[in-house]
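If you want the building blocks of each chain, they are given just below.
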Amino acid sequence: MKRFSALGLALATTISLITAPAQGQQPQTKQVGKTIAPRGDIGAVAPALEKYAQDRLFEDVWKRPDLSARDRSVVTLAALIARNQTAEMKYHVNLALDHGVKPAEISEIITHLAFYSGWGNAMSAVNVTKEVFTQRKIGANQLPPASEKLLPLDEAAETQRAARVEQDYGAVAPGVVQYTSDVLFRDLWLRPALASRDRSLVTVSALIASGQVAQIPYHLNKAMDNGMTKAQASEVLTHLAFYAGWPNVFSALPVAKSVFEKRPG
Amino acid sequence: MKRFSALGLALATTISLITAPAQGQQPQTKQVGKTIAPRGDIGAVAPALEKYAQDRLFEDVWKRPDLSARDRSVVTLAALIARNQTAEMKYHVNLALDHGVKPAEISEIITHLAFYSGWGNAMSAVNVTKEVFTQRKIGANQLPPASEKLLPLDEAAETQRAARVEQDYGAVAPGVVQYTSDVLFRDLWLRPALASRDRSLVTVSALIASGQVAQIPYHLNKAMDNGMTKAQASEVLTHLAFYAGWPNVFSALPVAKSVFEKRPG
Amino acid sequence: MKRFSALGLALATTISLITAPAQGQQPQTKQVGKTIAPRGDIGAVAPALEKYAQDRLFEDVWKRPDLSARDRSVVTLAALIARNQTAEMKYHVNLALDHGVKPAEISEIITHLAFYSGWGNAMSAVNVTKEVFTQRKIGANQLPPASEKLLPLDEAAETQRAARVEQDYGAVAPGVVQYTSDVLFRDLWLRPALASRDRSLVTVSALIASGQVAQIPYHLNKAMDNGMTKAQASEVLTHLAFYAGWPNVFSALPVAKSVFEKRPG
């Protein structure tokens, strides 16, 4: 019970049916469109928060159109990993799997965020996710291999990006410039187990959730180049207002506005 | 003992008398103006830090005029929740109660920060606070109801605020704009269990403590409209230099200066 | 085993020989230039991350010239404390000791970061470090005393700094201004158990790792005045790309570039 956090309970009870868990196991949730009354710890401290959780978050935000529950789970996971919020992570790894995010995709989200949120954040996420994978009997055969054939590179775009970064920072931090090319854009981003559009969704969500405003323009543009619609980006902001707090989203809004306005169509 | 952190020990021993705790319980603290020698873990790692804690933090900062111990507890709690620092939180929830912050106010602080620091931060605070409330036998009758008659709205000011945000971001993130009005300014901010001035104190403290510089001007002005004096705001900055680190405060200083200078009187 | 995190395992297995730990103890690591095959938890979730850890981080970044393993440990510790990432901290306190960082220096790093990262961050680091010190039988005789003869002050430079801050913020937050002089620059920075250059290394690393861009110019200049070379600063950025994430480093790059360009030679 202890592991099944207050947020988990409220979420499970509003959008899922909790099947009886075996002793000591994390309850498995199935999205069946059924609602049972919320209960748990929130009400013992903040009855208003419990009501907001049900009325505004789970019965409202999570069900808004323009961003699927699957994508909302990806956004939520990215935010939790970027903010190193392990307490809520176990529930949301389970929920992501229930929403159709594949184990291989979760594996790649963590690997991706090792570079975009910091190594330690990924390590904490590994620890939580390993527990969930073990409980759900998700084995190595469902994970992407350490090395596999990469997606094709847009050589022209990458050459242009690398030249710009080399010109700006080649003399300041040649190591950073080199790893950015070799490890990130010529390797990590091309790993096939997570679609480019989803890598962008993860990256943009992590940047907004951790207040990295200066890095949003490049990656929001890249996300839209990778197929994210303006409506989806807008809903990412709405979703993250709840999961990363209003201030992070209000600091991202002027930047998002500027990106939207400069794009054709 | 393990739960009673190093900071807790030093703080308790310098500004409080520790009454003998029952087995396994958090020691109850009472502010009695008595000082007993600090002890505990800090000295086993950093004797200098132990000395700074006593000489500079507990015997000095916490006793400065212009901001009451009660308000300093509110500021500290807001900073810990905004930074998701659960390790120190239990001690400071207890200290806040000892300083006269009501259980209903702590409940509302957590609910408020769900929106201003992120949902997961509030959930972590719920878990810690539930333990303290249980130990101190604080029950539902001391908590604000989920719904109650709201404080009167300043319709003119809110209409103006909403129009500006709609104009700026209505096309970028209509969901954010809508929830900002419906959930935040026409609901959360009007809940009567936490005074508007205290909501502002919590919001400004959380913004400074988490480096959300761009959001400080609006909320510092609102805080002063809600009755926070310049001297109090100045002491919030001083207090947070210790609890959120010098860099967060130095990044807030130019913004605070600009707000102060633009206000009449 | 549980305490010996995934990152710890991978790191230990690539750059260290693990000596058989006593039951329930943290394995002691010795840097012996030997490599044994990685194992542990990472591969059960993210085989690609395990490979990146070995190929790119431990066999590559940690061995780059221009910044010693000792300095990289100081940078890593500062980043972990600044980001309050306690899960990885125990391993890195041990590794830092193995890399020649003295217990007295770790003690001072924590004390220093109480002021530059926030009090709670230091308290969490105290808890982790106390465990390591106990296991390694590091006692009070290896720690710096709470008070000792301070290093000589550059009175002219400090007077100039204090005058500028007083002029800028004396009317906004006199408390902050006073503590900045009395506690930080006329006391903390002059404690002899951590060299000024190392205090600067710690401060700059913490600022970059926590996204405090606005505070970087002053402290990066001070670091170079204190003897940090441009090549070392460049490697701090490269190292932190991995430990604090690419976005924090890319936000620091324009500032570092500007500092480098404005300095003679």
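Our subject is the structure listed above.
I will try to describe carefully the structure that is included in this document. (Residues numbered from 1 in each chain as written. Chains lettered and ligands numbered in written order. Predicted model: local features only at pLDDT ≥ 70, side-chain atom pairs only at ≥ 80, totals over all residues. Heavy atoms only, no water.)

**Details of helix H7 (residues 119-135) of chain B**
Residues and elements named next belong to chain B.
- Taking 1.5 Å per residue, 17 residues should reach 24 Å; H7 reaches 25 Å between its end C-alpha atoms and fits that length.
- When you tally the buried positions in H7, you get 13 out of 17 residues, the bulk of the element.
- At the C-terminal side of H7, Lys137 shows a positive phi close to 55°. (Helix = DSSP H or I, 4+ residues; strand = E, 2+ residues; numbered from the N terminus. Expected span 1.5 Å × (residues − 1). Buried < 20%, exposed > 50% of the residue type's maximum accessible area, 1.4 Å probe, protein only.)

**Some remarks on the relation of the copies chain A and chain C**
- When chain A is fitted to chain C, the best match, at an RMSD of 0.0 Å, comes from turning it 120° and sliding it 0.0 Å along the axis. The transformation just described matches what one would write down for a three-fold rotation axis. Taking C-alpha positions as the reference, the residue of chain A nearest the rotation axis is Gly211(A), at 5.0 Å. (Least-squares fit on C-alpha atoms with pLDDT ≥ 70 in both.)

**Some words on the interface of chain C and chain B**
- Taken residue by residue, the interface counts 48 residues in chain C and 42 residues in chain B.
- For the pair chain C and chain B, the two sides together bury roughly 3800 Å², of which 66% comes from carbon and sulfur.
- The tally of links between chain C and chain B comes to one salt bridge.
- The partner of Lys130(C) in a salt bridge is Asp41(B), with the nearest N and O atoms 3.6 Å apart.
- Taken together, the connections running from chain C to chain B amount to 15 residue pairs in polar contact (both at pLDDT 80 or more).
- For the side of chain C that touches chain B, the elements supplying multiple residues, two or more each, are helix H6 (103-116), helix H7 (119-135), helix H8 (155-169) and helix H9 (174-185) of chain C. (Contact = heavy atoms within 4.5 Å. Buried area = accessible area lost by both parts, 1.4 Å probe. Salt bridge = Lys/Arg side-chain N within 4 Å of Asp/Glu carboxyl O. Polar contact = N/O pair within 3.5 Å; in protein donor to acceptor, adjacent residues only side chain to side chain.)

**Examining the pattern of salt bridges**
- Applying the stated criterion across every chain, the model contains 54 salt bridges over all chains.
- Salt-bridge contacts for Arg199(B) lead to Glu108(B); the nearest nitrogen and oxygen are separated by 2.7 Å. Here Glu108(B) lies in helix H6 (residues 103-116) and Arg199(B) lies in helix H10 (residues 196-209), a separation of 91 residues in the sequence. For the pair formed by Arg199(B) and Glu108(B), the shared burial category is buried.
- Here Asp60(C) ties to Arg56(C) by a salt bridge, and the two come within 4.0 Å at their closest N and O atoms.
- On the accessibility criterion, Arg56(C) (21% relative accessible area) is partly exposed.
- Through salt bridges with shared partners, a single network forms among Arg70(A), Asp71(A), Glu105(A), Arg197(A) and Asp198(A).

**Topic: the packing of helix H6 (residues 103-116) of chain A against helix H3 (residues 47-58) of chain C**
- Two elements in contact, H6(A) and H3(C), have axes whose closest approach is 8 Å; the angle formed by their N-to-C orientations is 30°. By the criterion of interaxial angle, the relationship of H6(A) to H3(C) is roughly parallel. Facing H6(A), whose interface residues are Ser107(A), Glu108(A), Ile110(A), Thr111(A), Ala114(A) and Phe115(A), H3(C) presents Pro47(C), Ala48(C), Leu49(C) and Tyr52(C).
- Taken together, the residues of the contact of H6(A) with H3(C) break down into seven nonpolar, two polar and one charged. (Axes fitted to C-alpha atoms, helices over the stretch in contact; angles between N-to-C directions. Parallel < 35°, antiparallel > 145°, perpendicular 65-115°, else oblique. Nonpolar A, V, L, I, M, F, W, Y, C, P; charged D, E, K, R; others polar.)

**Here's the deal with the interface of chain A and chain C**
- On the chain C side, the residues contacting the 48 residues of chain A number 42 residues.
- Overall, the association of chain A and chain C removes approximately 3800 Å² of surface from exposure, summing both partners, and the carbon and sulfur fraction of that is 65%.
- Among the residues chain A hides against chain C, the three largest losses belong to Trp119(A), Val172(A) and Tyr179(A). Together they make up 20% of the total.
- At the junction of chain A and chain C, the tally comes to one salt bridge.
- Counting across the chain A and chain C interface gives 15 residue pairs in polar contact (both at pLDDT 80 or more).
- If you list the elements that add at least two residues to the side of chain A that touches chain C, you get H6, helix H7 (119-135), helix H8 (155-169) and helix H9 (174-185) of chain A.
- Among the elements that line the side of chain A that touches chain C, the one with the most residues is H7(A), at 11 residues.

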